[in-house]
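An overview of the molecular structure
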Amino acid sequence: MKRYNIFNNIHKGLRACLYDCANAVQQSDFNDPAQAALVMGKLSELIEMFGKHATTEDEFILPIVMEYEPSVVTVFHDEHRKDEEISFRLRYLIHRFSGCREDGDRETAWEELAIAFIEFMVFNLNHMAKEEDILNRILWRYYPDEQLHQHTKKIVAAQEPRMIALTSRWMIRGLNNSEILSWYRSVKNHASDTAFQEMMALAEAELGRERWSQLQMHLCDGAMVA
Ligand SMILES: [Fe+2]
């Protein structure tokens, strides 16, 4: 039986944001102030999302692993610390680039920033894959899916509305149709009507016409939503 992957939706959203940033870094002209500002904004948002996500894992995921596999938790706490160092350096380089006035300085700062971004991306892609392999195997051994679904609800309830809006936008960009449908069915069945309507507006804005009409069709089918 396929087990519930507690990381799936958020990790797909974070990867979608990473890939978008990767393309923006390699396509943008660092001498064009508007393009450079757009990239710096994207990177700042990315770093914030990854930082908040690591904090959420420290508060909600690692404690339930700790009960059974404390040594594994130590390894992931260390990875989160390393991630913080890499993020700190990337943030510093964004700040440095933004302060450059000469073309030559800007070019050097951009090159260093591009290298630091790749380090951030590679580290986090590996880190998330490790979590989905090692942590999921532990969670699946000790917790039934129903309990993991309840845990997801607790995690969502603890998030700030601004962060929910931001991560939802990236998740809808990163998930496939059946993942979006099951997420939206859960919102429809458990959240307020206002929250559900906001999510529908987000889907309409983000999905292409065909995917949007498929989602609407499935969600409006009462038998499938119940
Ligand atoms: Fe993590």
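Quick summary incoming for the structure in this document. Computed from a predicted model, the values in this text were never measured in an experiment.

Considerations on helix α7 (residues 177-190)
Because the α-helix completes a turn every 3.6 residues, residues three or four places apart line up on one side. For α7, which comprises 14 residues, the first-to-last C-alpha distance of 20 Å matches the rise-based estimate of 20 Å (1.5 Å per residue) to within 8%. Considered for burial, the residues of α7 that qualify are Glu 179, Ile 180, Leu 181, Trp 183, Tyr 184 and Val 187. If you follow the buried residues of α7, they end up packed against α1 (8-27), α6 (161-174), α8 (193-206) and α9 (209-220). Taking the backbone nitrogen of Ser 178 as reference, a side-chain oxygen 3.2 Å away marks Asn 176 as the first, capping residue of α7.

A few points about the coordination of the iron ion
Each donor-metal-donor angle would ideally measure 109.5 degrees in four-coordinate tetrahedral geometry, or 90 or 180 degrees in six-coordinate octahedral geometry. Looking at the iron ion, one finds its protein donor set to be Glu 57 (OE), His 80 (NE2), His 127 (NE2) and Glu 131 (OE), positioned 1.9 to 2.3 Å from the metal centre. The coordination sphere of the iron ion comprises four donor atoms, whose angles at the metal cover 82 to 166°; the geometry is irregular. Going along the chain, you hit the donors of the iron ion in the pattern E-x22-H-x46-H-x3-E. Residue His 127 and its partner Glu 131 are located together in helix α4 (residues 103-142), separated by four residues, close to a single helical turn. Pair check on accessibility: His 127 and Glu 131 agree, each one buried.

Let's talk about the packing of aromatic side chains
Under the criterion given, the structure shown has six aromatic pairs. Put simply, the rings of Phe 30, Phe 97 and Trp 110 pair up and form one aromatic cluster.

Focus: the packing of helix α2 (residues 33-66) against helix α3 (residues 70-99)
Where α2 contacts α3, the axes come no closer than 10 Å and their chain directions differ by 165°. If you check the angle between α2 and α3, you find them roughly antiparallel. Once α2 is placed against α3, the crossing between them reads as left-handed. Two secondary-structure elements touch here, α2 through Ala 36, Met 40, Leu 43, Ser 44, Ile 47, Ala 54, Glu 57, Asp 58, Leu 62, Val 65 and Met 66 and α3 through Pro 70, Val 73, Phe 76, His 77, His 80, Ser 87, Leu 90, Arg 91, Ile 94, Phe 97 and Ser 98. Tallied by class, residues from the contact of α2 with α3 come to 14 nonpolar, five polar and three charged.

Let's talk about α8
Taking 1.5 Å per residue as the helical rise, α8 with its 14 residues ought to reach 20 Å, and the 20 Å between its terminal C-alpha atoms agrees with that figure. Within α8 the residues assigned to the buried category are Phe 196, Met 199, Met 200, Leu 202 and Ala 203. One face of α8 carries all of its buried residues, which in axial projection span an arc of 160°. In α8, those exposed residues whose orientation departs by more than 90 degrees from the buried face are Thr 194, Glu 198 and Ala 205. Looking at the buried side of α8, the elements it contacts are α6, α7 and α9.

Observations concerning the nonpolar core
Grouped together as the largest cluster of nonpolar side chains are 36 residues, with contacts concentrated most on Leu 18, Leu 43, Leu 46, Phe 97, Leu 113 and Phe 117. The element contributing the most residues to this core is α4, with ten residues. Apart from the residues within four sequence positions on either side, Leu 46 is in contact with Cys 17, Leu 18, Cys 21, Phe 117 and Phe 120.

A look at the pattern of salt bridges
A side chain with one charge can pair with a side chain of the opposite charge if their charged atoms come near. One pass over the full model with this rule turns up 16 salt bridges. With its nearest N and O atoms 3.6 Å apart, the salt bridge here joins Glu 112 to Arg 89. Here Glu 112, found in helix α4, pairs with Arg 89, found in helix α3; they are 23 residues apart in sequence, far enough to count as distant. When the shortest N-O distance is used, the salt bridge between Arg 173 and Glu 206 registers 2.7 Å. Of this pair, Arg 173 sits in helix α6 while Glu 206 sits in helix α8, placing them 33 residues apart in sequence. For Glu 206, a relative accessible area of 23% gives the class partly exposed. In the salt-bridge network here, residues are joined through shared partners; they are Glu 48, Lys 52, Glu 160 and Arg 162.

The rules behind the values
Residues numbered from 1 in each chain as written. Predicted model: local features only at pLDDT ≥ 70, side-chain atom pairs only at ≥ 80, totals over all residues. Heavy atoms only, no water. Helix = DSSP H or I, 4+ residues; strand = E, 2+ residues; numbered from the N terminus. Expected span 1.5 Å × (residues − 1). Buried < 20%, exposed > 50% of the residue type's maximum accessible area, 1.4 Å probe, protein only. Contact = heavy atoms within 4.5 Å. Polar contact = N/O pair within 3.5 Å; in protein donor to acceptor, adjacent residues only side chain to side chain. Donors = N, O, S within 2.8 Å, 3.2 Å for Na, K, Ca; no water. Tetrahedral: all angles 85-135°; square planar, octahedral: opposite > 155°, others 65-115°. Phe/Tyr/Trp six-rings, centres within 6.5 Å; stacked < 30°, edge-to-face > 60°. Axes fitted to C-alpha atoms, helices over the stretch in contact; angles between N-to-C directions. Parallel < 35°, antiparallel > 145°, perpendicular 65-115°, else oblique. Left-handed = near helix turned anticlockwise from the far one by under 90°. Nonpolar A, V, L, I, M, F, W, Y, C, P; charged D, E, K, R; others polar. Arc of directions from axis to C-beta. Core = buried A, V, L, I, M, F, W, Y, C linked by side-chain atoms within 4.5 Å. Salt bridge = Lys/Arg side-chain N within 4 Å of Asp/Glu carboxyl O.

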